[in-house]
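# Chain and residue survey
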Amino acid sequence: MLQSDLTLMQHEMRQFLEFLQSGREDGQARQLRNWMQDHPAVPLRMRMRRAGMGAYEPITMRLITQQKGLLEVYRFHGRERAEISAGRLGAQVLLEEFSSQVIPLPCDFAPTELQTGQAKAGLGQLLPYRRTTAIASTLLALILGAAGLFLAERVTRKRLRLTRRYHCSLPCTLHCNQRRYPAKIVDISRVGAKIRVLEQSQEPQFEIKEDVCVSVPGVASFDAQVLWQNADYFGVKFNAKLLRAELKALLNSNQAVEEQQEPAATQA
């Protein structure tokens, strides 16, 4: 199973590098990211050591670290930048080296240099674990596991706070390519917003990752980048996360706008 996982890993990495070169089948990045999420580096390293494949551990970890970096470059800067980074890092060469070492191993591979109960460099038999050592190791593992869960929960809560969306109807002005468009923010978070352009005979067609500036009169202006667009709305990601005070000021301004609109609606 370990060799099968490593073979599948190099296949997904190879497909990802081919995608960076050709631009076809953009689902390869997602497949490689899913494989890495399903096979964390630490458990994979422990499996390799138990199977006697410790000699191949360094190149495997180098390859995984390198591919994770390329996935992040692709995620934030696009395919072309990731392709340039892959060439500079020698990603294809490292992958071929890994494939030539690990893939040809027989299914019944058994290490010859390091057997169970032996140590490298002729250090003799490994001493057996004492019971107290085993108990201490178990307690340490439990403590580390609890700490990991606590940190993961903290990270999840922080992420939820950042991405929590607030529905609104906030007038704004959109600046793009030296043109101004009256618009309205229909929902907002600390990392981005959903916007609709108003009163345009020809709706502007924004390009993905195009730079724009969202200006809310009397409050603030924010530089952003277009992430998506459909017939009615488009979404932006702020170049810098909004401070809590900035988000609160925007929501207060939205509330003031709604309060001004209510009397007018009642009179009508």
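Everything numeric here is computed off the predicted structure, so don't read it as measured data. (Residues numbered from 1 in each chain as written. Predicted model: local features only at pLDDT ≥ 70, side-chain atom pairs only at ≥ 80, totals over all residues. Heavy atoms only, no water.)

## Comments concerning the overall build of the chain
The number of helices and strands found in the chain is 8 helices and 6 strands. When each of the 268 residues of the chain is scored for burial, the buried share is 31%. In the chain, the share of contacts with a sequence separation of at least 24, taken over all contacts with a separation of at least 6, comes to 58%. When the accessible area of the chain is evaluated, it comes to approximately 18,100 Å², of which 53% is carbon and sulfur surface. (Helix = DSSP H or I, 4+ residues; strand = E, 2+ residues; numbered from the N terminus. Buried < 20%, exposed > 50% of the residue type's maximum accessible area, 1.4 Å probe, protein only. Contact = heavy atoms within 4.5 Å. Areas by Shrake-Rupley, 256 points an atom, 1.4 Å probe, with all protein chains shown as cover.)

## Details of the sheet that holds strand β3 (residues 192-197)
The strand order around the closed barrel formed by 6 strands is β1-β2-β3-β6-β5-β4, and the pairing between neighbours is antiparallel. Neighbour-to-neighbour, the strand axes of this sheet turn through a mean angle of 45 degrees, independent of strand direction. Pairing between β3 and strand β6 (residues 234-238): 4 bridges, direction antiparallel. What sits directly across from Ile195, in β6, is Phe234. (Pairing = 2+ DSSP bridges. Axes fitted to C-alpha atoms, helices over the stretch in contact; angles between N-to-C directions.)

## Notes on the pairing of strand β5 (residues 220-229)
Here strand β4 (residues 211-216) runs beside β5; their pairing, made up of 6 bridges, is antiparallel. Note that in β5 the partner of Ser215 across the bridge is Ser221. Taking the residues that link successive antiparallel strands as the turn, the β4-β5 hairpin has 3 residues, and the phi of Gly218 there is positive, at about 80 degrees. Of the strand pairs in this sheet, β5 and β6 are connected by 5 bridges, and their pairing is antiparallel. Across the sheet, residue Ala224 finds its bridge partner in β6, namely Phe238.

## Let's talk about the nonpolar core
Residues Leu6, Met9, Met13, Phe16 and Met53 are the most contacted members of the largest nonpolar core, which totals 31 residues. Listed by contribution, the elements that provide at least two residues to this core are α1 (2-22), α2 (28-38), α3 (41-50), α4 (57-77), α5 (79-89) and α6 (91-102). It is α1 that provides the largest number of residues to this core, a total of 8 residues. Beyond its immediate sequence surroundings of up to four residues, Leu6 is in contact with Leu44, Met48, Met53, Thr60, Phe98, Val102 and Ile103. In terms of nonpolar packing, the next biggest core, distinct from the first, is built from 25 residues, Leu170, Phe206, Leu247 and Leu250 among them. (Core = buried A, V, L, I, M, F, W, Y, C linked by side-chain atoms within 4.5 Å.)

## Things to note about unusual backbone geometry
Located in the positive-phi region is Asn177, a residue other than glycine, with phi close to 55 degrees. Tracing the sequence through the fold places Asn177 in the loop between β1 (166-176) and β2 (179-188). With a phi angle near 70 degrees, Lys209 is a residue other than glycine that sits in the positive phi range. Here Lys209 is to be found in the loop between β3 and β4. Under the relative-accessibility criterion, Lys209 is labelled partly exposed at 39%.

## Details of the side chain of Ser189
When you line up the elements, Ser189 lands in the loop between β2 and β3. A polar side-chain atom of Ser189 sits 3.3 Å from the main-chain amide nitrogen of Val191. (Polar contact = N/O pair within 3.5 Å; in protein donor to acceptor, adjacent residues only side chain to side chain.)

## Examining the confidence of the model for the chain
The predicted model of the chain has a mean per-residue pLDDT of 79, with 74% of residues at 70 or higher. Note that pLDDT drops below 50 for residues 114-127; the model gives that stretch 11 contacts with residues more than four away or on any other chain. (pLDDT = per-residue confidence, 0-100.)

## Considering the packing of aromatic side chains
A full pass over the atoms with the stated rule returns 3 aromatic pairs. Pairing Phe222 with Phe238 gives two aromatic rings, centres 5.6 Å apart and planes at 45 degrees, and the pair type is tilted. Residue Phe222 is located in strand β5, and its partner Phe238 is located in strand β6; the two are separated by 16 residues in the primary sequence. Residue classification places Phe222 among the buried residues on the basis of a relative accessible area of 8%. These aromatic residues form a ring-pair network of at least three members: Phe16, Phe19 and Tyr74. For the cation-ring pair, Lys194 lies above Tyr233, with the distance from its terminal atom to the ring centre recorded as 4.5 Å. (Phe/Tyr/Trp six-rings, centres within 6.5 Å; stacked < 30°, edge-to-face > 60°. Lys NZ or Arg CZ within 6 Å of the ring centre and 35° of its normal.)

## A word on α1
Along its 21 residues, α1 runs 30 Å from first to last C-alpha, staying within 8% of the 30 Å computed at 1.5 Å per residue. For α1, every residue scored as buried is listed here: Leu2, Asp5, Leu6, Met9, Gln10, Glu12, Met13, Phe16, Leu17, Phe19 and Leu20. Against α2, α3, α4, α5 and α6 lie the buried residues of α1. Following α1 by one or two positions, Gly23 adopts a phi angle in the positive range, close to 80 degrees. (Expected span 1.5 Å × (residues − 1).)

## A look at the pairing of β6
Counting buried positions over the 5 residues of β6 gives 4, a clear majority of the element. In this structure, the hairpin formed by β5 and β6 is closed by a connection of 4 residues.

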